[in-house]
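Spelled out from the first residue to the last, the chains are:
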Amino acid sequence: MNILRSPFSLFSPRRLAALFLVFGMFAASWAQAQLRVEISGVGATQIPIAIATFANESVAPEQITAIIKADLNRSGVFKIIDTSDVLSESSTVDFGDWKSRGADALVVGSAQRLADGRIDVRYRLFDTMKAAQLSALSMAAPAQSTRLTAHKIADDIYQKLTGIPGVFATRIAYVTKNGKEYRLEISDADGALPQVALRSNEPIISPSWSPDGGKVAYVSFEAKKPIVYVQNLVTRQRTVVANFKGSNSAPSWSPDSSKIAIALARDGLTQVYTVNADGSNLRRLTNTGGIDTEPQFSPDGRSIYFTSDRSGGPQIYKMNADGGDAQRVTFSGNYNISPRISPDGKTLAYISRREGRFQLYSLDLTNNQEQRLSDNAQSEAPSFAPNGKYLMYAIQAGGRRSLAVVSTDGRVKQTLSTQAGDIREPTWGPFMK
């Protein structure tokens, strides 16, 4: 039975390496390879939008227009209208012309290098059908933050046109394996600008973002056993949260970032505990004759979802955050693991084994309607985007591991891969504050 991440993750074995630790926090600022994104599928309806080339954008180190286009295209929500026009935020807009080109919305803007070296980016969003301005922003930031500025503009466009917050300016964490080296990496949501948080010749698994976005919890085998750490992404300081006898695994943060739910085998079979983020105040929540693991706090912090074999096979249960009686949540299929709850608390995502295939499913908790979201035979480690509209998960195909993103309606799909090695264990970070 594999205990590296979950006793029930039989389909994703990870062998312990016997080599020494090669580890440095942000020792190398940039990973060797950036993730490549391949898009398939579109939304049920798409918003036709034209994005004019930002005036004077060559002063910035990266093309702002191209980043915005790529973000909106990746969402599957927008149909990008081709145009070679260059329009600044002060340009006169011929709404009739843009309507005739099929654009319901138009984005214009410009960039300017300030005396202190910052790049001032300004943009405006128009509704061409109503000949009205929907939004306008001006952001001055260091040149190295150009991508983030572009992502923020894409987020604003997404929200103004859909009513839902965009997630282009968020970050993701994941583990790459290249040869015998494991790396915990942090990147933009599109896989750009990867940074290495930890290197090791021993496995790194189960990264989990703190809701405040400042820390990542994970399990590292650098001491030849699974230990739960919390790493501050600003100061680079690490804290040992759980280093007990047996397996220490599956960290998951409480909504206020003060506690972490974990799975420990300190007293025999794996059970669910909580611990403060500094490693203090350990508290046991389950006490059964089976295996209880993979705890996940609900968004309101009042409940914990977890995987248990108390019914004879792994299923997902829900209990109060302080323990007590648990209620079974999943009933379709005889093998359901890796629960993840949507930010609004209405949808449960999980991995289900059916006909020998491990696939991503979602369950609408309001009506018990289930939907299969992945086609791959081996899917694992789902993670919701902070707006609840997308799920990222790991897949294995052709002997290689990569990441996939699917919209919660199953229509829009992406694959994130790298030539530098396998990629796995994704976790989507919170909204940037």
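So, here is what we can say about the structure in this document. (Residues numbered from 1 in each chain as written. Predicted model: local features only at pLDDT ≥ 70, side-chain atom pairs only at ≥ 80, totals over all residues. Heavy atoms only, no water.)

1. So, the sheet that holds strand 12 (residues 227-232)
Phase 1 of the analysis: The strand order 10-11-12-13 describes an open sheet built from four strands, whose pairing is antiparallel. Of all strands in the sheet, those with a lone pairing partner are strand 10 (204-209) and strand 13 (238-242), marking the two edges. Averaged over neighbouring strand pairs, the angle between their axes works out to 25 degrees when direction is ignored.
Phase 2 of the analysis: Bridging between strand 11 (residues 215-220) and strand 12 involves six bridges; their strand directions are antiparallel. Residue pairing for strand 12: Tyr218 is matched across the bridge by Tyr229. (Pairing = 2+ DSSP bridges. Helix = DSSP H or I, 4+ residues; strand = E, 2+ residues; numbered from the N terminus. Axes fitted to C-alpha atoms, helices over the stretch in contact; angles between N-to-C directions.)

2. Comments concerning the pattern of salt bridges
Phase 1 of the analysis: Overall, the coordinates contain 22 salt bridges when judged by the stated rule.
Phase 2 of the analysis: For Asp116, the salt bridge is made with Arg118, and the minimal N-O distance between the two is 2.7 Å.
Phase 3 of the analysis: Classification of Arg118 as partly exposed rests on a relative accessible area of 33%.
Phase 4 of the analysis: Close ionic contact of Asp292 with Arg310 constitutes a salt bridge, the shortest N to O distance being 3.0 Å. Here Arg310 lies in the loop between strand 19 (303-308) and strand 20 (315-320) and Asp292 lies in strand 18 (residues 292-297), a separation of 18 residues in the sequence. (Salt bridge = Lys/Arg side-chain N within 4 Å of Asp/Glu carboxyl O. Buried < 20%, exposed > 50% of the residue type's maximum accessible area, 1.4 Å probe, protein only.)

3. Section: the packing of aromatic side chains
Pairs of aromatic rings are described using the distance from one ring centre to the other and the angle between the two planes.
Phase 1 of the analysis: Across all of its chains, the model carries seven aromatic pairs by this definition.
Phase 2 of the analysis: Consider the rings of Tyr218 and Tyr229, whose centres lie 6.0 Å apart with planes at 25 degrees: the pair is stacked. Linking Tyr218 in strand 11 with Tyr229 in strand 12, this pair joins segments that are 11 residues apart in sequence. Each of the two residues, Tyr218 as well as Tyr229, counts as buried.
Phase 3 of the analysis: Aromatic pair Tyr335 and Phe358: ring centres 5.8 Å apart, planes at 80 degrees, arrangement edge-to-face. A residue pair is termed long-range when its members are at least 10 positions apart, and Tyr335 in the loop between strand 21 (323-328) and strand 22 (336-341) and Phe358 in strand 24 (residues 357-364) qualify at 23 residues. The same class applies to Tyr335 and to Phe358, which are both buried. (Phe/Tyr/Trp six-rings, centres within 6.5 Å; stacked < 30°, edge-to-face > 60°.)

4. Here we look at the pairing of strand 4 (residues 105-113)
Phase 1 of the analysis: Among the nine residues of strand 4, seven are classified as buried, and the element is accordingly described as predominantly covered.
Phase 2 of the analysis: Note: strand 2 (residues 47-51) against strand 4, three bridges, orientation parallel. Paired with Ile51 across the two strands is Val107, which belongs to strand 4.
Phase 3 of the analysis: Direction of pairing for strand 4 relative to strand 5 (residues 119-127): antiparallel, over a ladder of nine bridges. Residue pairing in the sheet places Val107 in a bridge with Leu125 of strand 5.
Phase 4 of the analysis: Here strand 4 folds back onto strand 5 in antiparallel fashion, the turn holding five residues, of which Gly117 has a positive phi close to 95 degrees.

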